Each structure stands twice: as structure tokens, then as C-alpha cells.
Amino acid sequence: MTSPHAVDPAPTSPLDSPQAAPRDDLPAIRRDAAAALRALTEAVLGLDDEALGSPSSLDGWTIGHVLSHVAMVGDALARQAELAAQGETAEVYEGGAEGRAAGIEAGAHRTRDEHVDALTAAGARLEAAWSLTDGSGWDAPVTYREGTVADVLDCWWREVRIHATDLGEVSAARRLTPSGTWGLAFTDHLLDFLSLRLPGSVLVVRLEDGARSVVGPEGARPAAEDAGDDDLTTVTGSAADVAAWLAGRATAIDPTAHRNGKTVDLPALGPWPSGVPVRR
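Note that the structure is predicted; figures quoted are calculated from it, not measured. (Residues numbered from 1 in each chain as written. Predicted model: local features only at pLDDT ≥ 70, side-chain atom pairs only at ≥ 80, totals over all residues. Heavy atoms only, no water.)

Quick look at unusual backbone geometry now. Unusually for a residue other than glycine, Arg 175 sits at a positive phi of about 60°. The exposure class assigned to Arg 175 is exposed, which follows from its relative accessible area of 70%. Its identity as a non-glycine residue notwithstanding, Asn 260 has a phi of 55°, on the positive side. (Buried < 20%, exposed > 50% of the residue type's maximum accessible area, 1.4 Å probe, protein only.)

Structurally, the position occupied by Arg 197 is in the loop between helix H8 (184-193) and strand E3 (202-206). Although buried, Arg 197 forms no salt bridge, and the nearest oppositely charged side chain, Asp 166, lies 11 Å from it. For Arg 197, the side chain forms a polar contact with the main-chain oxygen of Leu 246, separated by 2.6 Å. Sequence-distant contacts of Arg 197, defined by excluding residues within four places in its chain, comprise Leu 246, Ala 247, Gly 248, Ala 268, Leu 269, Gly 270, Pro 271, Trp 272 and Pro 273. (Helix = DSSP H or I, 4+ residues; strand = E, 2+ residues; numbered from the N terminus. Lys, Arg positive; Asp, Glu negative; His and termini not counted. Salt bridge = Lys/Arg side-chain N within 4 Å of Asp/Glu carboxyl O. Polar contact = N/O pair within 3.5 Å; in protein donor to acceptor, adjacent residues only side chain to side chain. Contact = heavy atoms within 4.5 Å.)

Here we come to a negative patch on the surface. On the surface, Asp 48, Asp 49, Glu 50, Glu 114 and Asp 117 cluster together into a negatively charged patch. Turning to its location among the elements, Glu 50 is positioned in the loop between helix H1 (26-45) and helix H2 (63-85). Owing to a relative accessible area of 69%, Glu 50 belongs among the exposed residues under this scheme. (Patch = residues over 30% accessible without salt bridge, like charges linked within 9 Å, V, L, I, M, F, W, Y side chains within 5 Å. Areas by Shrake-Rupley, 256 points an atom, 1.4 Å probe, with all protein chains shown as cover. Charge placed at Lys NZ, Arg CZ, Asp CG, Glu CD.)

Under the 1.5 Å per step criterion, the end-to-end length of helix H3 (residues 96-107) is 17 Å for twelve residues, consistent within 8% with the ideal 16 Å. Within H3, burial applies to Gly 96, Ile 104 and Gly 107. Here the buried residues of H3 occupy an arc of 95° about the axis, which is enough to place them on one side. Every exposed residue of H3 that faces more than 90 degrees away from the buried side is listed here: Ala 97, Glu 98 and Ala 106. (Expected span 1.5 Å × (residues − 1). Arc of directions from axis to C-beta.)

Mean pLDDT for the chain: 91, with 91% of residues reaching 70 or above. Here residues 1-18 scores under 50 on pLDDT; set against residues more than four positions off or in separate chains, the count is 18 contacts. (pLDDT = per-residue confidence, 0-100.)

Secondary-structure assignment places Ser 171 in helix H6 (residues 169-173). Residue Ser 171 is classed as buried on the basis of its relative accessible area, which comes to 1%.

A separate point is the sheet that holds strand E7 (residues 256-259). Taking strand neighbours across the sheet as the criterion, the six strands line up as E5-E4-E3-E6-E7-E8 in an open arrangement whose pairing is mixed. Strands at the two margins of the open sheet, each flanked by one partner only, are strand E5 (219-222) and strand E8 (262-264). Within the sheet, the average angular offset between the axes of one strand and its neighbour, ignoring direction, is 30°. As defined by bridge partners, strand E6 (residues 233-237) adjoins E7 across three bridges and the pair is classed as antiparallel. Among the inter-strand pairings, Val 235 is bridged to a residue of E7, identified as Ala 257. Packing against the sheet, H8 makes contact with E3, strand E4 (212-216) and E5, and its axis sits at approximately 125° to E5. Where helix H9 (residues 239-247) meets the sheet, it contacts E3 and E6, and its direction lies at approximately 120° from that of E6. (Pairing = 2+ DSSP bridges. Axes fitted to C-alpha atoms, helices over the stretch in contact; angles between N-to-C directions.)

Here we come to the pattern of salt bridges. Summed over all chains, the structure comprises 13 salt bridges. Here Asp 209 ties to Arg 206 by a salt bridge, and the two come within 2.7 Å at their closest N and O atoms.

A word on the packing of H2 against helix H5 (residues 149-163). Working note: a packed helix pair is described by the angle between its axes plus the distance between those axes. For the pair H2 and H5, interaxial distance at closest approach is 10 Å and the crossing angle is 170°. In terms of their interaxial angle, H2 and H5 are classed as roughly antiparallel. Each of Val 66, His 69, Val 70, Val 73, Gly 74, Leu 77, Gln 80, Ala 81 and Ala 84 in H2 lies in contact with H5, whose residues at this interface are Val 149, Val 152, Cys 155, Trp 156, Glu 159 and His 163. Here the residues of the contact of H2 with H5 are counted per class, giving ten nonpolar, four polar and one charged. (Parallel < 35°, antiparallel > 145°, perpendicular 65-115°, else oblique. Nonpolar A, V, L, I, M, F, W, Y, C, P; charged D, E, K, R; others polar.)

Below is the structure:
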């Protein structure tokens, strides 16, 4: 077990350590992440133990592996917030990558009721950790992506919303799909977070309302009104389908790509930006 260590005192000059702008979206994110966990847990209650060994949508993982991972990452992120409230930090997973892999494998073989208990306990621990954070501050530093507790909440939101769609036939039957469960706030968040996967900037046109964004390695931003379709590859699709494509998940309808008036392949995507420091 890696011992937590105290965080170095913050510099006295605000110019030495610029702070991120205060965020007013955190309460809504907490509510949506909690709703996602409830939907996932309710889906598990409808399964029997045999179904937990069925393939998930993730290569090499059963449904049990996905559930084990969600519960384990919930506990790990709660620990990040708990320690931050005490002015301490520690690695995200005890035992590092090997400890993470071993923990997921061990938990994958739980019974249905054991999975429900683990998910419920992780959710309760997270809610308690967020309550601690309300008093200690959401900008307290953590080791996760060299960020803050607010970034830990963002991570949990992604983990539980995305993995709820990864239960294969179970997710489809329960309508736990990107198009069914990913709201605009979440898809906008994914566009920005996953923009690092793109080799260069693209113009994303959202089918729901025609909203246009430039999305690329520098992040996502509204497109200028005079941004021409010939300047960038244009990716068109619903908000959920574009976000699902960027996340490597199944889409209801595949987004399309055009450049200079011609249909082209969607850009090849790079790796998931899990180890990349938070972009400010």
C-alpha cells in the first residue's frame, strides 16, 4: 500500500499558481453521475449470476469485469477526494496498474448481489467524498491527471456514464445507450476531453440544431460564423453519435465526414487521453 503524502503548501503569490475559473456545473454533474449509477445498478438487479459472465462490449471483458471496474474506479476516485480534503495525495490505484488489473479480475467473479453491494458502497463513498469537498474546496490538488478534485468528479461522470453503455445486449435492452442516456452537457464535455484523440482540428456540425464547433487537440470551441466547410474536414452527426465515435463506442447512426465537397473517411483516432495532464 502506498502511503499518502502531504501536499506542498501553495505559493503565496497568485501569479505563481493561476487558479481555474470557478465552475457552476458541478452540482448538475454530481446529480447526473448519481443517476447514471442508479440506472446501472438497476440494470444489474435484472440479471442472474450466469448473465454476468456474458461478453460485454469491451474486448476481453465480461459484464462482470465492467461492473468490477466501475465499482473499483469509484472507490479509487473517492479516495482521491477524501485525501485531498486532508491536504494529502496518493496514486489513483493502490498497487498502480498491476493492482488495478488484479482488482478488476478479482471483482469480476462476484455474484449479482455482491456487484450491487459494491456499486452501492462506491456510490455512497463518493457522495460522502463530494460532501467533504464542498467544505475543503474543489480546487484541491490530486494525483489524477495532475488535476483537482473537480477533475476527479469529471472522471467519475465519464466512467459511470460511458461504462453503463458497455454491458452489451444488457445495455441495449435497458436502453443504456449513448443516444438514450448522454445529454448535451455530457456530449459537450466528451468533445472537449476526447479532442486529444484527433490528429488535427475538425468542424463538428450537430444535427439536432446545426451548432458548429471546432474540435481538435487544443480542445473544443464554437466555430466562427465565417468558418467555411472547405477549411476543415466536417464531421456531421447527432451529439451522442459524434461523442460515441470519439469514445470508441457504438453509434446509432455513424457520423459522416466531408472535405472540399467530397465524402471522406472519419479521422483515425489516437489513444484515450487517460494519462495526459488536465488541460487548463
